[in-house]
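As a plain string of letters, each chain reads:
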Amino acid sequence: MITRGDQWGIPTTRIPADLLVNGDRELAASSTDFRLIVRGGDIAHSLGDPPPPAVGDRCTEVPIDALRISITFKNASAQTLIAASHVMVGNWLRGRLVCVSNGGFIGALNVSPRAHPNDGFLDLMTIDPSMGIQQRLRARKKSVLGTHTPHPLVETGRARSFAFSCQSRSEPLRVDGRRISSWSAVQVEIMPDYWRLLV
């Protein structure tokens, strides 16, 4: 886990056993037994979209946090899974929007500009349900550059875990971009230093 003032990562060389994964969902499904190179997706974007090192290239090994997601469904069943990038409740156009992020990015949007994928914290950005549609559209546009947060109806925060309950039958839940249906509650917990990535 990175701390202020410390150097992040250690110099290394890519070897044939290091694995290339494509995007956040493939990263989330990957074993922690191997060093990984992630190409595409939110975590790669938070790292500056570095080109994958070739076997034999000098590179840097960095630890990356993961998200442990516990979902309770409306039929009282439950599921626990690992995510790499984010959990999103609601949407940008109406109602509440809740974005819990590991590296700050959700697609092209920098929803939590101060986030770091190895700081041991989850970053939260919420939009109040009372925000009007025009303000929402402006906030979404500004979030490309991460300049949407100085607004009285946009809140930010950091913690090691968050929990949310579904507020309406149709309220969407997405984990690394994948929609989860029929949910009633979700808890998100940070898992520090979960993967080892090469950049």
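Our subject in this report is the structure included herewith. Computed from a predicted model, the values in this text were never measured in an experiment.

1. Comments concerning the pattern of salt bridges
Logical step 1: The final tally for this structure, using the stated rule, is six salt bridges.
Logical step 2: Its salt-bridge partner being Arg 158, residue Asp 119 comes within 2.4 Å of it at the nearest N-O pair. Pair noted here: Asp 119 is in the loop between β9 (109-110) and β10 (122-127) and Arg 158 is in strand β11 (residues 154-159), with a separation of 39 residues, a long-range link.
Logical step 3: With a relative accessible area of 43%, Arg 158 lands in the partly exposed category.
Logical step 4: Through salt bridges that share partners, Asp 18, Arg 35 and Glu 61 make up one connected network.

2. Concerning the environment of His 116
Logical step 1: Here His 116 is to be found in the loop between β9 and β10.
Logical step 2: The spacing of His 116 and Asp 176 is 60 residues in sequence and 16 Å in space, taken between C-alpha atoms.

3. Focus on the nonpolar core
Logical step 1: Counting 22 residues, the largest nonpolar core has Ile 69, Ile 71, Val 87, Val 100, Leu 173, Val 186 and Val 188 as the members making the most contacts within it.
Logical step 2: If we skip the residues at most four places from it in the chain, Val 188 touches Leu 67, Arg 68, Ile 69, Val 87, Val 100, Leu 122, Arg 160, Ser 161 and Phe 162.
Logical step 3: Core analysis: the second largest hydrophobic core is formed by 15 residues, Val 62, Met 191, Trp 195 and Leu 197 among them.

4. Considering the pairing of strand β15 (residues 183-198)
Logical step 1: Pairing between strand β3 (residues 35-39) and β15: two bridges, direction parallel. Across the sheet, the residue bridging to Arg 35 is Arg 196, located in β15.
Logical step 2: Examined bridge by bridge, strand β4 (residues 58-73) and β15 share twelve bridges and lie antiparallel to one another. Within the sheet, the bridge partner assigned to Ile 69 lies in β15 and is Val 188.

5. Description of the sheet that holds strand β6 (residues 86-90)
Logical step 1: Here six strands make up an open sheet; going across it, the order is β11-β10-β7-β6-β13-β14 and the pairing antiparallel. Pairing within the sheet leaves two strands with one partner each, and these edge strands are β11 and β14 (178-180). Sheet twist, expressed as the average angle between the axes of neighbouring strands with direction ignored, equals 20°.
Logical step 2: Two strands pair when backbone bridges link them, and strand β13 (residues 173-175) and β14 are joined in this way by three bridges, in the antiparallel orientation. Within the sheet, the bridge partner assigned to Arg 174 lies in β14 and is Arg 179.

6. With respect to the side chain of Arg 96
Logical step 1: Turning to its location among the elements, Arg 96 is positioned in the loop between β6 and β7 (97-101).
Logical step 2: When its relative accessible area of 13% is taken as the criterion, Arg 96 is described as buried.
Logical step 3: A polar contact of 2.7 Å, which involves the side chain of Arg 96, links it to the side chain of Glu 171.
Logical step 4: Every residue in contact with Arg 96, bar those within four places of it in the chain, is listed here: Val 89, Gly 90, Asn 91, Ile 127, Pro 129, Phe 164, Ser 165, Cys 166, Gln 167, Glu 171 and Trp 183.

7. Here's the deal with the packing of aromatic side chains
Logical step 1: Counting across every chain of the model gives two aromatic pairs.
Logical step 2: For the ring pair Phe 162 and Phe 164, a centre distance of 6.3 Å and an interplane angle of 15° mean the geometry is stacked. Residues Phe 162 and Phe 164 agree in their burial class; the two are buried.
Logical step 3: Relative to Trp 195, the ring of Tyr 194 has its centre 4.8 Å away and its plane inclined at 90°; by these criteria the two rings are edge-to-face.
Logical step 4: Trp 195 gets classed as buried once you look at its relative accessible area, which sits at 1%.

8. Some details on unusual backbone geometry
Logical step 1: A positive phi angle is found at Asp 49, which is not glycine, with a value near 50°.
Logical step 2: Within the secondary structure layout, Asp 49 lies in the loop between α2 (41-46) and β4.
Logical step 3: Even without being glycine, Asp 193 reaches a positive phi, approximately 55°.
Logical step 4: Within the secondary structure, Asp 193 is located in strand β15.

About the cut-offs
- Residues numbered from 1 in each chain as written.
- Predicted model: local features only at pLDDT ≥ 70, side-chain atom pairs only at ≥ 80, totals over all residues.
- Heavy atoms only, no water.
- Salt bridge = Lys/Arg side-chain N within 4 Å of Asp/Glu carboxyl O.
- Helix = DSSP H or I, 4+ residues; strand = E, 2+ residues; numbered from the N terminus.
- Buried < 20%, exposed > 50% of the residue type's maximum accessible area, 1.4 Å probe, protein only.
- Core = buried A, V, L, I, M, F, W, Y, C linked by side-chain atoms within 4.5 Å.
- Contact = heavy atoms within 4.5 Å.
- Pairing = 2+ DSSP bridges.
- Axes fitted to C-alpha atoms, helices over the stretch in contact; angles between N-to-C directions.
- Polar contact = N/O pair within 3.5 Å; in protein donor to acceptor, adjacent residues only side chain to side chain.
- Phe/Tyr/Trp six-rings, centres within 6.5 Å; stacked < 30°, edge-to-face > 60°.

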